[in-house]
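# Structure at a glance
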Amino acid sequence: MAIIVVEVMPKKELLDPAGKAVLGALHRQKVDDFVEVRIGKRFELHVDGPATPSHLEHARSLAEALLSNGVIEDVVDIRVEESPA
């Protein structure tokens, strides 16, 4: 079994209020190593058997049409991961 992973992030030019809240919480805990936090979404599409180029193309279509809001988000990665045994 393969897993097609789709990662979606807010567009860089847009504010990420949830990310800002997490960054503030980190700073309140005296974790000052980080200057920005951005929060996105990860979708796992499980395939029975190996992932084919057709599966990846279908996943890309779904990512653009259904899994992301093209006005405020970018699909940043689509990749195949093998399912843990």
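It should be noted that the structure appears before, not after, this text.
Throughout what follows, the structure given in this document is the object of discussion. Predicted model, so just to flag it, every value in this text is computed and none were measured.

## Details of the overall build of the chain
For the chain, the count of helices and strands is two helices and three strands. Across the chain, helices and strands are ordered from the amino to the carboxyl terminus as β-α-β-α-β. Dimensions of the chain, computed from the C-alpha atoms along their principal axes, are close to 45 × 35 × 15 Å. A buried classification covers 25% of the 85 residues belonging to the chain. Across the chain, every contact between residues at least 6 apart in sequence was considered, and the portion connecting residues at least 24 apart equals 77%. A total accessible area of about 6000 Å² is found for the chain, and carbon and sulfur atoms account for 58% of it. Across the chain, the centroid of the 10 positively charged side chains sits 8 Å from that of the 15 negatively charged ones.

## Some words on the pattern of salt bridges
In total, this model carries eight salt bridges according to the counting rule given. When the shortest N-O distance is used, the salt bridge between Arg 42 and Glu 44 registers 2.8 Å. With its nearest N and O atoms 3.2 Å apart, the salt bridge here joins Glu 81 to Arg 79. The exposure class of Glu 81 is partly exposed, given its relative accessible area of 27%. It is possible to trace a salt-bridge network through shared partners that takes in Glu 7, Arg 42, Glu 44, Asp 77, Arg 79 and Glu 81.

## What to know about a nonpolar patch on the surface
On the surface, Leu 14, Val 71 and Ile 72 cluster together into a nonpolar patch covering about 260 Å² of accessible area. For Leu 14, the position within the fold is in the loop between strand E1 (2-10) and helix H1 (17-28). With a relative accessible area of 31%, Leu 14 lands in the partly exposed category.

## Details of the nonpolar core
Ranked by size, the top nonpolar core spans nine residues in total: Ile 4, Val 6, Val 8, Val 47, Ala 59, Ala 63, Leu 67, Val 75 and Ile 78. Elements supplying a minimum of two residues to this core: E1, helix H2 (53-67) and strand E3 (73-82). In this view, Val 75 contacts Val 6, Glu 7, Val 8, Ala 63, Glu 64 and Ser 68; residues no more than four positions away in its chain are not counted.

## Comments concerning the sheet that holds E3
Strands sit in the order E2-E1-E3 across an open sheet of three strands; the sheet is antiparallel. What marks the edges here is a single partner per strand, and that holds for strand E2 (41-47) and E3. The average undirected angle you get between the axes of adjacent strands in this sheet is 20°. Two strands pair when backbone bridges link them, and E1 and E2 are joined in this way by seven bridges, in the antiparallel orientation. Within the sheet, the bridge partner assigned to Ile 4 lies in E2 and is Leu 45.

## A closer look at the side chain of Glu 73
Within the element layout of this structure, Glu 73 appears in strand E3. One polar contact links Glu 73 to Lys 41, side chain to side chain, over a distance of 3.2 Å. Leaving out residues up to four positions away in the same chain, Glu 73 has contacts with Val 8, Met 9, Pro 10, Lys 11, Lys 41, Leu 67 and Ser 68.

What counts and what doesn't
- Residues numbered from 1 in each chain as written.
- Predicted model: local features only at pLDDT ≥ 70, side-chain atom pairs only at ≥ 80, totals over all residues.
- Heavy atoms only, no water.
- Helix = DSSP H or I, 4+ residues; strand = E, 2+ residues; numbered from the N terminus.
- Buried < 20%, exposed > 50% of the residue type's maximum accessible area, 1.4 Å probe, protein only.
- Contact = heavy atoms within 4.5 Å.
- Areas by Shrake-Rupley, 256 points an atom, 1.4 Å probe, with all protein chains shown as cover.
- Lys, Arg positive; Asp, Glu negative; His and termini not counted.
- Charge placed at Lys NZ, Arg CZ, Asp CG, Glu CD.
- Salt bridge = Lys/Arg side-chain N within 4 Å of Asp/Glu carboxyl O.
- Patch = residues over 30% accessible without salt bridge, like charges linked within 9 Å, V, L, I, M, F, W, Y side chains within 5 Å.
- Core = buried A, V, L, I, M, F, W, Y, C linked by side-chain atoms within 4.5 Å.
- Pairing = 2+ DSSP bridges.
- Axes fitted to C-alpha atoms, helices over the stretch in contact; angles between N-to-C directions.
- Polar contact = N/O pair within 3.5 Å; in protein donor to acceptor, adjacent residues only side chain to side chain.

Interpretation in functional terms is not warranted from these geometric data alone.
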